[in-house]
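Residue-level listing of the chains:
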Amino acid sequence: MNQTMTAPDPAMAPPGRETVVQVTDLRRRYGGSDGFEAVRGVSFSVGRGELFALLGTNGAGKTSTLELVEGLAVPSAGTIRVFGRDPYRERTAVRPRTGVMLQEGGFPADLTVAETARMWAGTLPRAHPVDHTLELVDLRHRARTQVKQLSGGERRRLDLAMAILGQPEVLFLDEPTTGLDPESRHNTWQLVRALLVDGITVLLTTHYLAEAAELADRLAIMHRGRIVTAGTVADVVAAHPARISFELPDGTSPTDVPTLPGIQPAPAGAAPRSGSRLTLYTDALQPALTALLGWANARGVELGGLDARAASLEEAFLAVAHSEDESMTGGTA
């Protein structure tokens, strides 16, 4: 009996991992039945000890999705399960096992950092020692400082401290490093990596593509309320062509350059040609580069400013945004 093999869905947790977060056909509409649908049929799952990143353009629906998974609102349609339970209707069972870092924490401005942490710890069934938690986010030296006197970056670190204070099994991070300087951002990355090693599951939204590339086991790119592409960083990037660019030698036109292996049309959103600089796209970078250099050597010319590189997550992200925008306008943008 023949069986058809179905490729695994890249938005679903890998086989062998316990699924901790399961989202199926999730929808969220604002303003009633005729209102704006911010989340339109989103499905994904996250395995234990995995970091899953939700990326997307402004207004793509990332935060709207995350708020539903956190149990802060009821979805318009679809199902969510965290530890196999509905995070909104079974909040008392789910909430003690999760940590949430919102885009803004909103802690009382007149409390000190230590007072804020002790107050928050009093709401948790099991809490790390306050001093230890503040040390993890480099705020112990600011323990006696009022919240209103903290910088924007320090407030974000306080938000993170409160999210991890309760020893969560699942951690929701909504734009966790916004406003942080590069050193604090990298320190936060190191802390998140340590949490993952301890088996904590992380669901992250971020505008920093380097952050997703650095931390994510898998990611999904959202646009206009839907997941457009998902998988590991390598999988998502591999779906887009590599780029070779160089200055055309004097007396050479683009038509003189041979057709290279794996040549591809320019992706949506690619910068137009500028002056004598030629940019080519290929899904076979090494053979294409070998052929190009062989052609240049045979002609005895130098390819000035030669730059060859694989696609990046940024290019994959921009291609998604541009292609989706073009599809909404019939390609006439």
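The structure under discussion appears in the preceding block.
Please read these numbers as outputs of a predicted model, since none were measured by experiment.

Undergrad: Please clarify how the pattern of salt bridges should be interpreted in this entry.
TA: Pairing is possible between side chains of opposite charge, provided their charged atoms come close. In total, this model carries 21 salt bridges according to the counting rule given. Linking Arg27 and Asp25 is a salt bridge whose minimum nitrogen-to-oxygen distance equals 3.8 Å. The exposure class of Arg27 is partly exposed, given its relative accessible area of 28%. A residue is classified by how much of its surface remains accessible, and Asp25, at 37% relative accessible area, is partly exposed. Several salt bridges converge on common partners, so that one network encompasses Glu18, Arg48, Arg97 and Glu169.

Undergrad: Looking at this model, I keep getting lost on empty space enclosed by the protein. Mind explaining?
TA: To locate leftover empty space, one rolls a probe as large as a water molecule over the atoms. Scanning the model with the defined rule gives 1 cavity of 30 Å³ or more in all. In this structure, the largest cavity occupies an estimated 70 Å³ of space. Residue lining of the largest cavity: Arg95, Pro96, Thr98, Gly99, Val100, Trp120, Leu124, Met162, Ala163, Gly166 and Pro168, and that is the complete set. Every element with two or more residues in the lining of the largest cavity is listed here: strand 5 (98–101) and helix 5 (152–164). It is strand 5 that provides the largest number of residues to the lining of the largest cavity, a total of 3 residues.

Undergrad: Help me understand the environment of Ala117, please; the structure alone is not making it clear to me.
TA: Secondary-structure assignment places Ala117 in helix 3 (residues 113–121). Considered as a pair, Ala117 and Leu134 are 17 residues apart in the sequence and their alpha carbons are 8.3 Å apart. Sequence-distant contacts of Ala117, that is, excluding residues within four places in its chain, are made with Val130, Met162 and Leu165.

Undergrad: Can you help me understand the sheet that holds strand 6 (residues 170–174) in this one?
TA: Backbone-to-backbone hydrogen bonds pair the strands of a sheet. The strands run either parallel or antiparallel. A sheet is described by the order of its strands in space; here 6 strands give the open sequence 5-6-7-3-8-9, paired in mixed fashion. Each edge of the open sheet carries a strand with a single partner, namely strand 5 and strand 9 (226–231). Pairs of neighbouring strands in the sheet enclose a mean axial angle of 15°, with direction left out of account. Pairing of strand 3 (residues 51–56) with strand 8 (residues 218–223) involves 5 bridges; the strand directions are parallel.

Undergrad: Would you take a moment to explain the sheet that holds strand 11 (residues 263–264) for this structure?
TA: If you walk across this open sheet you meet the 4 strands as 11-12-10-13, and the pairing is antiparallel. The sheet is open, and its two edges are formed by strand 11 and strand 13 (304–309), each paired on a single side. With 6 bridges joining them, strand 10 (residues 242–247) and strand 12 (residues 277–282) adopt antiparallel strand pairing. Its bridge partner being in strand 12, Ala242 is matched across the sheet by Thr282.

Undergrad: Help me understand the nonpolar core, please; the structure alone is not making it clear to me.
TA: Nonpolar side chains tend to gather and get buried jointly when the protein is soluble and globular. Counting residues in each nonpolar core, the largest one holds 47 residues, and the members touching the most others are Leu51, Leu55 and Leu219. Take this core: its biggest share by element is 6 residues, from helix 5. Those residues within four positions of Leu219 in sequence are excluded, and the remaining contacts are Phe52, Ala53, Leu55, Ala212, Thr229, Ala230, Gly231, Val233, Val236 and Leu313. Membership of the second largest hydrophobic core comes to 28 residues, among which are Ala38, Val94, Phe172 and Met222.

Undergrad: Hey, could you run me through the pairing of strand 10 in this one?
TA: A regular strand places its side chains on the two faces of the sheet in alternate fashion. A large share of strand 10 lies buried, amounting to 5 of its 6 residues. Two elements, strand 10 and strand 13, share 4 bridges in a ladder whose sense is antiparallel. Bridge assignment links Ser245 to a residue of strand 13, and that residue is Asp307.

Undergrad: How should I be thinking about the side chain of Thr206 in this particular structure?
TA: Along the polypeptide, Thr206 turns up in the loop between strand 7 (201–205) and helix 7 (209–215). Polar contacts involving the side chain of Thr206 include one to the side chain of Glu211, which spans 2.8 Å. Beyond its immediate stretch of four places on either side in the chain, Thr206 contacts Leu54, Leu55, Glu175, Glu211 and Ala212.

Undergrad: What is the right way to look at the pairing of strand 7 in this model?
TA: In terms of burial, strand 7 is a largely internal element, 5 of the 5 residues being buried. Residues Thr201, Leu203 and Thr205 point to one face of strand 7 and Val202 and Leu204 to the other, with burial holding for every one of them. Once you follow strand 6 into helix 6 (residues 182–197) and on to strand 7, the crossover reads as right-handed.

Undergrad: Which parts of the structure should I look at to understand unusual backbone geometry?
TA: Glycine aside, a negative phi is what most residues show, and trans is what most peptide bonds show. Of note in the backbone geometry, Glu175 takes a positive phi value of approximately 55° without being a glycine. With respect to the secondary-structure elements, Glu175 resides in the loop between strand 6 and helix 6. What makes Glu175 buried here is its relative accessible area of 6%. Even without a glycine there, the phi angle at Arg224 is positive, about 55°. Summarising the element assignment, Arg224 is placed in the loop between strand 8 and strand 9. Take Arg224: its relative accessible area is 35%, and that puts it in the partly exposed class.

Undergrad: Whenever I open this one, helix 6 confuses me. Can you help?
TA: Since there are 3.6 residues in each turn of an α-helix, residues three or four apart along the chain are aligned in direction. With 16 residues, helix 6 should reach 22 Å at 1.5 Å per residue; the first-to-last C-alpha distance of 23 Å fits that figure. The set of residues buried in helix 6 consists of Ser184, Arg185, Thr188, Trp189, Leu191, Val192, Leu195 and Leu196. Taken end-on, helix 6 shows its buried residues confined to a sector of 165°, consistent with a single buried face. Looking at helix 6, the residues exposed on the side facing more than 90 degrees away from the buried face are Pro182, Glu183 and Val197. Buried residues along helix 6 sit against strand 3, helix 4 (130–136), helix 5, strand 6, strand 7 and helix 7. At the N-terminal boundary of helix 6, the capping side chain belongs to Asp181, with an oxygen 3.0 Å from the backbone nitrogen of Glu183.

Calculation rules
Sequence positions are assigned chain by chain, starting from 1 and proceeding in written order. With the structure being a predicted model, the display of local features is reserved for residues of pLDDT at least 70 and the display and counting of side-chain atom pairs for 80 or more, all residues being used for whole-chain, interface and lining totals. By convention in this description, side-chain values take in all heavy atoms of the structure and omit both hydrogens and water. What makes a salt bridge here is a side-chain nitrogen of Lys or Arg within 4 Å of a carboxyl oxygen of Asp or Glu, nothing more. For every residue, the accessible area obtained with a 1.4 Å probe (protein chains only) is divided by the maximum for its type, and the residue is called buried under 20%, exposed over 50%, and partly exposed between those limits. Only protein atoms enter the 1 Å grid, on which a cavity is a set of points fitting a 1.4 Å probe that cannot get out and a pocket is an open set with protein on both sides within 12 Å along at least 5 of 7 lines, lining residues being those with an atom within 4 Å of a point. Grid points are joined across faces, edges and corners, and a volume is the space filled by probe spheres set on the points. Secondary structure is summarised from DSSP: a helix means a run of H or I of at least four residues, a strand means a run of E of at least two, and numbering begins at the N terminus for each. Contacts are assigned to residue pairs with any non-hydrogen atoms lying within 4.5 Å of each other. Pairing between strands requires that DSSP locate at least two bridges from one strand to the other. Lines fitted to C-alpha atoms define the axes here, with helix axes fitted over just the stretch in contact, and angles between the N-to-C directions of these axes take values from 0 to 180 degrees. Nonpolar cores were defined as sets of buried Ala, Val, Leu, Ile, Met, Phe, Trp, Tyr and Cys residues, with membership established by side-chain atoms within 4.5 Å. N or O atoms closer than or at 3.5 Å make up a polar contact, with two conditions inside protein: a donor-capable atom paired with an acceptor-capable one, and, for residues adjacent in sequence, both atoms drawn from side chains. A crossover gets the label right-handed when its path from the first strand over the helix to the second runs clockwise, viewed with the strands pointing away from the viewer. Expected span of a helix: the number of residues minus one, times 1.5 Å. The directions from the helix axis to the C-beta atoms are what the arc is built from.

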